[in-house]
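# Working through the structure, step by step
The lines below spell out each chain.
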Amino acid sequence: MNIRTKLAEGIYLTCLPAQKFKTSLLSAQFVVPLRQETASATALLPSVLRRGTVTCPDMGLLSARLDKLYGARIDATVRKKAETQCAGFVASFIDDRFAPGGEKLLEPVANLLGELICDPATERGRFVPGYFESEKVNLVNAIRSLINDKRGYADSRLLREMCAGEPYGVPRLGTVETAEALQPQKLYAHYGKTVASSRLELFYCGSAERSRLEQALLSAFSTLPRESIPELPPSSFHVPSAEPRYFTESLDVTQGKLGMGFSCASEDHIALMMGNTLFGGSSNSKLFLNVREKLSLCYYASSLYHRQKGMITVSSGIEFDDYQRASDEILAQLAAVQNGQLEDWELEAARSSLLNAYASMGDSQSRMENFYLGQIATGRGETPEDLAAQVREVSLERILRAMKTVRLDTVYFLQGKEAVEE
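Every value quoted in this text rests on a predicted model; they were computed, and no experiment measured them. (Residues numbered from 1 in each chain as written. Predicted model: local features only at pLDDT ≥ 70, side-chain atom pairs only at ≥ 80, totals over all residues. Heavy atoms only, no water.)

### Some remarks on the pairing of strand β4 (residues 73-81)
Two elements, β4 and strand β5 (residues 84-94), share nine bridges in a ladder whose sense is antiparallel. Paired with Arg73 across the two strands is Ser92, which belongs to β5. From the end of β4 to the start of β5, which pair antiparallel, there are two residues, and Ala82 there has a positive phi angle of about 55°. (Pairing = 2+ DSSP bridges. Helix = DSSP H or I, 4+ residues; strand = E, 2+ residues; numbered from the N terminus.)

Below you can see the structure in the form of structure tokens.
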């Protein structure tokens, strides 16, 4: 059972006891509101902090220190959870039960995490200029490279158009413009504000006793400055447009990308989750079996339910000339779900798909950490077991009632340049 407790002002620990892994996972994540003006700065922070500490001021010394901890790893992470941005580090190291000679690794790994956050390498009251500049270039390049993954790019563009003016439309790494505008002193000021007034969520999955874990983390983060920690603003439901909106973009691509966004007026999340699984959320869904397999209108077709925003989005790859046929058929498959045109095996396959996903979550430390981070960042308290119980209980009537509130909101189509020239 997961237990979340308050360690200090604005510092919380979620402990996931586990004896079956040979490694331990320790994660430290600042959870901040997702904002256009600060997204790139928040995304850049972990990478700059990861370059060095006061006692290990460069990557070489950091690597040597990790090598002494039997190849422990600490990775910088930036994640988007609904309308929050989660930035920090995830450490993976040998569980103490398997360390040579009974050596204790939890404390030194926790201390190194604390140093990366509380005592970064600096020069003249700001981050080391070389570290800042190189990581800034990496961030800008990472944002620009997103266009190379056309599927991911199209999915992102759909969300930006559908949620224009809402925090949910802000990309995880920010934009090229905001990243290029970053300056060393402003980033250091943003760092100071983040560590002083943002919530810090700690996660541990391993075999260590809770009392020892808490003592190690309190010691590691004892110098973390703490001011008043404001509550995170709640995520708001997407406000649907009066009529569907259509957006088309032309790039040098050989395969069209059709994205369709739907608003959901129901707050029956489990029913919508099941409805989305029937629609396009699994390999047994109507989109996969009919639009992709039977009619061959799409190279791929799937849907995703955005619980915190009350939205469903469809991602598909199509031939340019199949735009209308594919979009019509996607809408037809949604209507089939809404009207209950389902065989018994479809409902049970969808239920089984979700139950298997929740049951297997405990087999991966990283999946558990990511799940609970998402739950906590969005103010939800269900465990995988809680959600599995709800999935078992949800009726077809509830699913149909919830899915009948789903309406087309936004369509985004990425086409080839030759389509425009013709």
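More follows now that the structure is in view.
### Remarks on helix α10 (residues 286-294)
Of all the residues in α10, the buried ones are Lys286, Leu287, Asn290 and Val291. Looking down the long axis of α10, one finds its buried residues gathered within 105° of arc, a one-sided arrangement. Looking at the buried side of α10, the elements it contacts are α9 (269-279), β11 (300-306), β12 (311-318), α11 (323-338) and α12 (344-360). Among the residues trailing α10, Ser296 stands out with phi positive, at a value near 55°. (Buried < 20%, exposed > 50% of the residue type's maximum accessible area, 1.4 Å probe, protein only. Arc of directions from axis to C-beta. Contact = heavy atoms within 4.5 Å.)

### Comments concerning the side chain of Lys257
Summarising the element assignment, Lys257 is placed in strand β10 (residues 256-264). Those residues within four positions of Lys257 in sequence are excluded, and the remaining contacts are Lys150, Arg151, Ala154, Tyr300, Ser316, Gly317, Tyr412, Phe413 and Leu414.

### With respect to the pattern of salt bridges
A full pass over the atoms with the stated rule returns 24 salt bridges. Of the charged contacts, one joins Glu9 and Lys6 as a salt bridge, the two residues approaching to 3.7 Å between their closest N and O atoms. Take Glu9: its relative accessible area is 41%, and that puts it in the partly exposed class. Where Lys309 meets Glu83, a salt bridge forms, and the shortest distance between an N and an O atom there is 2.7 Å. Linking Lys309 in the loop between β11 and β12 with Glu83 in the loop between β4 and β5, this pair joins segments that are 226 residues apart in sequence. Residues participating in the shared-partner salt-bridge network are Arg4, Arg199 and Glu201. (Salt bridge = Lys/Arg side-chain N within 4 Å of Asp/Glu carboxyl O.)

### Considerations on the packing of aromatic side chains
Tallied over the entire structure, the rule returns six aromatic pairs. Chaining the aromatic ring pairs together yields one cluster made of Phe127, Tyr188 and Tyr191. The ring of Tyr12 carries the charged tip of Arg4 above its face, separated from the ring centre by 4.2 Å. Of note, Arg151 hangs over the ring of Tyr300, and the distance from its end group to the ring centre comes to 3.8 Å. (Phe/Tyr/Trp six-rings, centres within 6.5 Å; stacked < 30°, edge-to-face > 60°. Lys NZ or Arg CZ within 6 Å of the ring centre and 35° of its normal.)

### Brief notes about the sheet that holds β5
In spatial order, the strands read β1-β2-β8-β3-β5-β4; together these six strands make up an open sheet with mixed pairing. A strand with exactly one partner marks an edge of an open sheet, and here the two such strands are β1 (3-8) and β4. Neighbouring strand axes in the sheet, compared pairwise and without regard to direction, differ in orientation by 20° on average. The sheet contact formed by strand β3 (residues 23-33) and strand β8 (residues 199-206) spans seven bridges and is antiparallel. (Axes fitted to C-alpha atoms, helices over the stretch in contact; angles between N-to-C directions.)

### Some details on the sheet that holds strand β13 (residues 406-416)
Judged by pairing direction, the sheet is mixed, and its five strands sit side by side in the order β9-β13-β10-β12-β11 without closing on themselves. Only two strands of the sheet have a single partner each, and these edge strands are β9 (245-251) and β11. Going from strand to strand, the sheet's axes swing by 15° on average, the running direction of each strand aside. Here eight bridges tie β10 to β12, and the two strands are oriented antiparallel to one another. Paired with Phe262 across the two strands is Ile312, which belongs to β12. Here helix α5 (residues 150-162) sits on the sheet and contacts β9, β10, β11, β12 and β13; the angle it forms with β13, its principal contact strand, is near 135°. Against the sheet, α10 touches β11 and β12, its axis set at about 155° to β11.

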